[in-house]
Amino acid sequence: MPSDMKNLNTSTRLSLLSVFLLVLLWNVALLLPVAEASSSKKSKRSKKASKSSKKTKNDSAKDLLIAELEAKIDELESQVSNIKTLGQVYMEDMILVDDYDGSANSFHFRNTSSWANRVQAGRNFRATSSGSIYNYRNKVLMGMAQSRILNEAPEVTDKDAVEFDIPLDIVRPETDEEVMMLSVLEMQGLLRTGQLSSVELTTIALDMLEKYDPEFNMVEVELYDLALRVAGEADALFESGTFVSPIQGIPFAIKDTYDVSGYATAYGSWEFMENIVETESPLVTYAVNAYAVPLFKSSVPQMTWGHANYNGTVYSCLNGGYSSGTGNSGGSSIGSANAVCLGVVPVAICEQTGSSCQAPAIANGISTIIPAIGTFSRENNGLYSLESDRPGLLCRDILSCAVFYNYMRGTSPGDPQSRDVPFSDPSKEDISTYTIAFVDNSDTTAWPPGWDTPLKGQRNNVRDTLIGLGADVVSYATTSDLMDPPQLYLDATSSGISNTQGFDWYWLNVEGFFEELFQYGSPDGMAYGPVWLGQNYNFDGGSPHVTHIGATAYSYLDSMWLFGYTAEYAVYPMMQEQMPDVVVHFGQSELAGGFNTGLIKRAGINTVHIPEFYWNTTDETFVDWMGSKPPEYYKDTTVSAAMITCESKKYEPVKAFAVCHQLQQALVPGGKLISPYIEEIHQALKSGEHDLNCPYDWSEKRPGFLDDYPDHVREKVIRSLSNIGTAINCPTLEEILTP
């Protein structure tokens, strides 16, 4: 068998063999008469009886050979017909869809971002004035396998050249809880003055973790031995008078999708807890090189979209709802966010494809920075989309994020899109030199949900504060009024060119993660469905994983190149030339839908969100308001955060930091908000009064599906079965899987 043939799957090889045999059969049918004619000419002098005998023998041999070949073809075709495609295996055997139909017009394929739509979008674009000049050379320019970053920072600031002011007059608070609510720079002041050691600070954090984790569910992978070792090393440096960085000795949490060498990357699945990796995210490496203390890897949903991990729901400490955000937000940095909210760590790594930093930030009433794409390395991280993923940080006060940001930024060889940036201490910036746009979009309808408030026209204090700080502020009605898009942008968006995260999701995760590592979706793989509703939003609902089944690689790649081409040649220049230094508004990331969100994100924008105040969604003042009133909040803490958003150009991150930091200092007492409902929610969770856990009951489809799970998970699932069909957001299995 040729070597190329060996690389084909069984179904394809059998199909090719069938074709080969059919061709052979055809040739036999053609050649036998020729052979007979030749034989006839050579035996003209033979007797007629002899000729008749030979003809009979030839006919018999021919018929026998044809019959044997036909039988062989029938046998091969039978084998081929009994082999399931990967789509069938995945849908029927892995996630137990009973009525899977692989035809083009079936339920599992219609109403999706299918390959045909991608192809048509490309055709539409090429018919425009901008698309007529797009050709193969442009595809090469964009990198073929992934879109290239074509722009560069005007300059780069060395990390150690950025100087932060550390308060050495800080006095240690009386309680451990108060210590853990301090800012990063305040903690650093205690460490440098000897009022606290890093090992002591780390031990306090671990005690807080032990107190809150059983109910709030923030830990996915423990790093406790590593944490205490790094803390000990940091203390040795403090004792010798060596100060490496302002994050030295300070604990932080790591979203579980980021690799830490020597530990598991579990992706929200108990079945993957043995996935010990030797690779490491540069964000972790850079922080540990500055002697920050990696405390634990935080909970994530499967495939980074949902509100639960293998251990159940991850809760907000502001309102008791989903830490991922309300509705279908599915912000996957769920454990990182509630760890910051609870005061377990001052800073935690998050990552945002669409909502995964911003949604947990508003859900927990904390701050976040989502740096421009490429300016935080994505190497050794479980990506969702090369064109969309933006690693970031969660914190209470935004200056704490800025300090960690400075030491985590930088390029890395494994992320060809990575870039470094110029940076400085945001607290020392003179924002009176900035041009600032102000937009009151309190009634935003952009995604993710839950950002709208009934406060339209009532938050001009933000604009007035900026003016009081000396800023040049211009008000706009909407974010779409900020810039006039060029023709290339208009042609691309009108053609249907859009974000390609569906393709990235499949090839980076389904093939790279589920098929290569976990073999989730192959005949030899482990078969299971999620344990909890909300553990994997890609699974929940009637059309599991529709965005990748049957996708044609080329059409998605072509769309990716077109998308990157438009971002680099239209949107990036538009933002550089027309966007004010900072846009201040009250909506979601990437200008809250004022322009194509994916293109703004891909071109590069720095997003900072801070909570200005908390407000009660069920207050009688808002009884007639028809906006977001999430049903999953604990009944006694129906509280949400009124956020302020500051966004700046790709290579000007300090400007977004500076404006939101100075607003936070001016408008928020103490410079940061702390949930006053932590203990109330904690007690409601401990007592069982508040319970959002919704298990899948696979007992009929897969008896014994919990046998391999740890006792505490198995017990929690059994205990929560009574929630099915009765509790908030907990439908029956039939309701979930019925279209």
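Residues numbered from 1 in each chain as written. Predicted model: local features only at pLDDT ≥ 70, side-chain atom pairs only at ≥ 80, totals over all residues. Heavy atoms only, no water.

(A) Up close: the state of the cysteines. This structure, assessed with the given rule, holds five disulfides. There is a disulfide in this structure between Cys-317 and Cys-341, and the S-S distance comes to 1.8 Å. Sign of the S-S torsion, about -85 degrees for the bond between Cys-317 and Cys-341, identifies this disulfide as left-handed. Taken as a pair, Cys-317 in the loop between β5 (312–313) and α12 (334–342) and Cys-341 in helix α12 lie far apart in primary sequence, 24 residues in all. Of the two residues examined, Cys-317 and Cys-341, each falls in the buried class. In this model Cys-694 forms its disulfide with Cys-730; the gap between the sulfur atoms is 2.2 Å. Handedness of the Cys-694-Cys-730 disulfide follows from its S-S torsion of about 85 degrees: it is right-handed. (Disulfide = S-S within 2.5 Å. Helix = DSSP H or I, 4+ residues; strand = E, 2+ residues; numbered from the N terminus. Buried < 20%, exposed > 50% of the residue type's maximum accessible area, 1.4 Å probe, protein only.)

(B) Representation of helix α21 (residues 678–687) in the model. Turning to α21, its buried residues number three or more, namely Ile-678, Ile-681, His-682, Ala-684 and Leu-685. Down the axis, α21 shows its buried residues gathered within 165 degrees of arc, on one side only. Among the exposed residues of α21, those pointing more than 90 degrees away from its buried face are Lys-686 and Ser-687. Structurally, α21 contributes buried residues whose contacts are with α9 (198–216) and α12. Among the residues trailing α21, Gly-688 stands out with phi positive, at a value near 85 degrees. (Arc of directions from axis to C-beta. Contact = heavy atoms within 4.5 Å.)

(C) A look at a negative patch on the surface. On the surface, a cluster of negative charge is made up of Asp-697, Glu-700, Glu-734 and Glu-735. Inspection of the secondary structure puts Glu-735 in helix α23 (residues 733–737). Of the residues examined, Glu-735 reaches a relative accessible area of 51% and is grouped as exposed. (Patch = residues over 30% accessible without salt bridge, like charges linked within 9 Å, V, L, I, M, F, W, Y side chains within 5 Å. Areas by Shrake-Rupley, 256 points an atom, 1.4 Å probe, with all protein chains shown as cover. Salt bridge = Lys/Arg side-chain N within 4 Å of Asp/Glu carboxyl O. Lys, Arg positive; Asp, Glu negative; His and termini not counted. Charge placed at Lys NZ, Arg CZ, Asp CG, Glu CD.)

(D) Spotlight on the environment of Leu-482. Within the secondary structure, Leu-482 is located in the loop between β10 (472–476) and α16 (487–495). Separated by 97 residues in sequence, Leu-482 and Met-579 place their C-alpha atoms 6.5 Å apart.

(E) Structural view of the nonpolar core. Counting residues in each nonpolar core, the largest one holds 169 residues, and the members touching the most others are Met-218, Val-344, Leu-393, Phe-404, Val-584, Cys-646 and Val-659. Considering each element in turn, this core owes the most residues, 10 residues, to helix α18 (residues 553–578). When neighbours within four sequence positions are excluded, Val-344 is seen to be in contact with Met-180, Ala-205, Met-208, Leu-209, Met-218, Leu-295, Phe-296 and Ala-339. Counting five residues, the second-largest nonpolar core is a separate cluster that includes Leu-455, Trp-615, Trp-625 and Ala-642. (Core = buried A, V, L, I, M, F, W, Y, C linked by side-chain atoms within 4.5 Å.)

(F) Representation of the packing of α9 against helix α10 (residues 224–239) within the structure. Packing of α9 against α10 leaves a shortest axis separation of 8 Å and a crossing angle of 155 degrees. On the basis of the axis angle, α9 is roughly antiparallel to α10. Facing α9, whose interface residues are Ser-198, Val-199, Thr-202, Thr-203, Leu-206 and Leu-209, α10 presents Tyr-224, Ala-227, Leu-228, Ala-231, Gly-232, Ala-234 and Asp-235. In terms of residue class, the contact of α9 with α10 is made up of eight nonpolar, four polar and one charged. (Axes fitted to C-alpha atoms, helices over the stretch in contact; angles between N-to-C directions. Parallel < 35°, antiparallel > 145°, perpendicular 65-115°, else oblique. Nonpolar A, V, L, I, M, F, W, Y, C, P; charged D, E, K, R; others polar.)

(G) Expanded view of the confidence of the model for the protein. For the protein, per-residue confidence averages 84 on the pLDDT scale, and residues scoring 70 or more make up 77% of the total. Here residues 107–115 scores under 50 on pLDDT; set against residues more than four positions off or in separate chains, the count is 27 contacts. (pLDDT = per-residue confidence, 0-100.)

(H) Just the side chain of Thr-368, in detail. Within the secondary structure, Thr-368 is located in strand β7 (residues 367–370). A relative accessible area of 0% means that Thr-368 is categorised as buried. Side-chain polar atoms of Thr-368 contact the backbone oxygen of Leu-393, separated by 2.8 Å. Once residues within four sequence positions are removed from consideration, Thr-368 is found in contact with Cys-350, Cys-357, Ala-361, Leu-393, Leu-394, Ile-398, Thr-607, Val-608 and His-609. (Polar contact = N/O pair within 3.5 Å; in protein donor to acceptor, adjacent residues only side chain to side chain.)

(I) View of the packing of aromatic side chains. According to the stated counting rule, one finds 15 aromatic pairs in the structure shown. Plain terms: the ring middles of Tyr-267 and Phe-272 are 5.8 Å apart, the flat faces sit at 45 degrees to each other, and that makes the pair tilted. Residue Tyr-267 is classed as buried on the basis of its relative accessible area, which comes to 12%. Relative to Phe-657, the ring of Phe-423 lies with its centre 5.6 Å away and its plane at 70 degrees, an arrangement referred to as edge-to-face. You can see Phe-423 sitting in the loop between α14 (398–408) and β9 (435–439) and its partner Phe-657 sitting in helix α20 (residues 653–667), a full 234 residues away along the chain. The residues Phe-423 and Phe-657 share a single accessibility class, namely buried. Here the aromatic cluster, defined as three or more aromatic residues joined through ring pairs, consists of Phe-376, Tyr-405, Phe-423 and Phe-657. Residue placement shows Arg-459 over the ring face of Phe-586; its charged tip is 3.9 Å from the ring centre. (Phe/Tyr/Trp six-rings, centres within 6.5 Å; stacked < 30°, edge-to-face > 60°. Lys NZ or Arg CZ within 6 Å of the ring centre and 35° of its normal.)

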